[in-house]
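# Notes for the structure review
Listed below are the residues making up each chain.
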Amino acid sequence: MAAQLFAFIPHANSRIDDTAPELAAAAERLFPGVPVTALVTGAAEGLEAAAAEATRFFPEVWKFAHADLAYPNAEILRPLLARVLPRGAVVLFTHNTLAMDLAPGLAVKLDAAYLPDVVAFEGLEGTQLRAVRQEFNGQVSTHVACDLAGGAVVTLRSGCFPAAGELSAAGRVVDRSGDVQGIAARRRFLEVVAAEVGDVDITKEEVLVSVGRGIGDKENLPVAEELAEALGAVVSCSRPVVDAKWLDKSRQVGTSGKTVKPKVYLALGISGSFQHLGGIKGNPFIVAVNKNPKAPIFQVAQVGVVADLLEFAPVLTEAVRKAR
Ligand SMILES: Cc1cc2nc3c(=O)[nH]c(=O)nc-3n(C[C@H](O)[C@H](O)[C@H](O)COP(=O)(O)OP(=O)(O)OC[C@H]3O[C@@H](n4cnc5c(N)ncnc54)[C@H](O)[C@@H]3O)c2cc1C
């Protein structure tokens, strides 16, 4: 099947998101050798650099510059993309909060299939794509078939499509800013409210020992704190741990918490919801400890340990202390 392929590139502070090469890698896995056009939208400031950076991974980058696109606004992006994308196109998004807002309505406008939160491709026969999705906060993996014949809007979970090797496209930027004209929005962006930093800044740490609901009780936290101390790391957590008031909000990793970029991320008793994984950037080395062998976190972890964290973490702490 010859498809017209597009990838919507998230970016911030003049840098494209770590998921941009993942979109290129996923497209290559789906349609080897078929060129992918990147879509980069924003206000003039920061957009030039982001578009230029995207040419490292995509042969053609369509740049859409407009003051109203300074902050991602699905109300503008939806009609814009419906205007510029050819019918039958396959469009890949990173599964983030913008895509959740934008992608379903875009699929309707394009009269295309909608396939959200994909964690793996299982095969493509003719126009029939078989993929794995996750539902119920990652508790259920669903194997789905999707007909790409009429086009598709597909959102991909970050971390699930790592680039196999160095990607290099040496592409070119095409200015499509004129296409934004005449599109207005009722939603207005007001301001960015920076999150509180708290006693430690987990966004700056290279090694994080992160605890989830699986820690069971506030009284068990020393198990993680001792491991973190042995590793020279800091303790972070998932949202239920904050909701239970076991740790401060400043320690929460995820879409409604902090975005972290450690080199190593130990996930203890964390299931791996996309809201949690959405806060982990920079492709860290992920070690997951979970007593459920089917926990979604194992799909993105480099090392998976099926064990009770309350038994495993103290043994690991001892081993690290001895090794040091
Ligand atoms: C709008 C919105 C925003 C959100 N933002 C965030 C966010 O920023 N960050 C975030 O983390 N979540 C966020 N969430 C919540 C998210 O959907 C998940 O509910 C949450 O991430 C689950 O946290 P968890 O993995 O700790 O808990 P669970 O999903 O309950 O998983 C606990 C895991 O621990 C394992 N386990 C249990 N006991 C043990 C044991 N003794 N040893 C080893 N493993 C064990 C279980 O097998 C399970 O996999 C958000 C949700 C919404 C709707």
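Since the structure is predicted, the reported quantities are computational estimates derived from the model, not experimental observations.

## Section: the domain arrangement of the protein chain
One can read the domain layout of the protein chain as domain 1 (5-180) and domain 2 (202-323). For domain 1 versus domain 2, the separation of C-alpha centres amounts to 29 Å. For the side of domain 1 that touches domain 2, the residue count by class is 3 nonpolar, 8 polar and 3 charged.

## As for the sheet that holds strand β4 (residues 36-42)
One open sheet accounts for 9 strands, arranged β9-β8-β7-β10-β6-β1-β4-β5-β11; its pairing is mixed. Of all the strands in the sheet, the pair left with one neighbour each is β9 (140-147) and β11 (172-175). Adjacent strand axes in the sheet meet at a mean angle of 35 degrees, parallel and antiparallel pairs treated alike. Inspection of the sheet shows strand β1 (residues 5-8) paired to strand β6 (residues 90-94) by 3 bridges, in the parallel sense. Paired with Phe6 across the strands is Val91, a residue of β6. Most of the contacts of helix α2 (residues 44-54) go to β4, to which it runs at about 165 degrees, and overall it touches β4, β5 (60-65) and β11.

## What to know about helix α8 (residues 309-323)
Its 15 residues place the ends of α8 20 Å apart at the C-alpha level, agreeing with the 21 Å of an ideal helix rising 1.5 Å per residue. For α8, the complete set of buried residues consists of Leu309, Ala313, Leu316 and Thr317. For α8, the angular spread of buried residues about the axis comes to 105 degrees, placing them on one side. More than 90 degrees from the buried face of α8, the exposed residues found are Glu311, Val315, Ala319 and Lys322. Buried-residue contacts for α8 involve α5 (221-231), β14 (264-268) and β15 (285-290).

## A few points about the nonpolar core
Within soluble globular proteins, side chains that are nonpolar generally end up buried alongside one another. Membership of the largest hydrophobic core comes to 93 residues, with the highest contact counts inside it found for Ala7, Ala38, Ala54, Ala224 and Leu268. Counting contributing residues, this core receives three or more from each of domain 1 (5-180) and domain 2 (202-323). In this structure Ala224 touches Val209, Val211, Ile215, Val235, Leu268 and Ala313, once residues within four positions along its chain are discounted.

## Side note on the site of the ligand
The environment of the ligand is formed by 29 residues, the closest being Gly212, Gly214, Ser238, Gly254 and Ser271. Looking at the shell around the ligand, the elements with two or more residues in it are α6 (239-243), α7 (274-277), β15 and α8. Within the shell around the ligand, the residues separate by chemical class into 7 nonpolar, 18 polar and 4 charged.

## Remarks on the packing of α5 against α8
The contact between α5 and α8 brings their axes to 9 Å, and the two run at 20 degrees. Between α5 and α8, the angle falls in the class roughly parallel. The crossing of α5 and α8 is left-handed. Across from Val223, Ala224, Glu226, Leu227, Ala230 and Leu231 in α5, the residues of α8 making contact are Leu310, Ala313, Pro314, Leu316, Thr317, Val320 and Arg321. Class assignment for the residues of the contact of α5 with α8 results in 10 nonpolar, 1 polar and 2 charged.

## Remarks on the sheet that holds β14
Taken together, the 5 strands give an open sheet; going across it, the order is β13-β12-β14-β15-β16, and neighbouring strands pair in parallel fashion. Looking at which strands have only one partner, the edges of the open sheet turn out to be β13 (234-237) and β16 (303-306). On average, adjacent strands in this sheet sit at an angle of 20 degrees to one another, irrespective of strand direction. The sheet contacts of α5 involve β12 (207-211), β13 and β14, and relative to β12 the element is tilted by about 170 degrees.

## Examining the pairing of β15
Where β14 lies against β15, 5 bridges are found, and the strand directions are parallel. Bridged to Val264 within β15 is Phe285. Relative to β16, β15 runs parallel, the two sharing 4 bridges. Counted as the bridge partner of Val289 is Val305 from β16.

What counts, and at which threshold
- Residues numbered from 1 in each chain as written.
- Predicted model: local features only at pLDDT ≥ 70, side-chain atom pairs only at ≥ 80, totals over all residues.
- Domains from an automatic or database assignment.
- Nonpolar A, V, L, I, M, F, W, Y, C, P; charged D, E, K, R; others polar.
- Pairing = 2+ DSSP bridges.
- Helix = DSSP H or I, 4+ residues; strand = E, 2+ residues; numbered from the N terminus.
- Axes fitted to C-alpha atoms, helices over the stretch in contact; angles between N-to-C directions.
- Contact = placed C-beta atoms within 7 Å.
- Expected span 1.5 Å × (residues − 1).
- Buried ≥ 20, exposed ≤ 12 C-beta atoms within 10 Å, placed from the backbone.
- Arc of directions from axis to C-beta.
- Core = buried A, V, L, I, M, F, W, Y, C linked by C-beta atoms within 7 Å.
- Near = placed C-beta within 6 Å.
- Parallel < 35°, antiparallel > 145°, perpendicular 65-115°, else oblique.
- Left-handed = near helix turned anticlockwise from the far one by under 90°.

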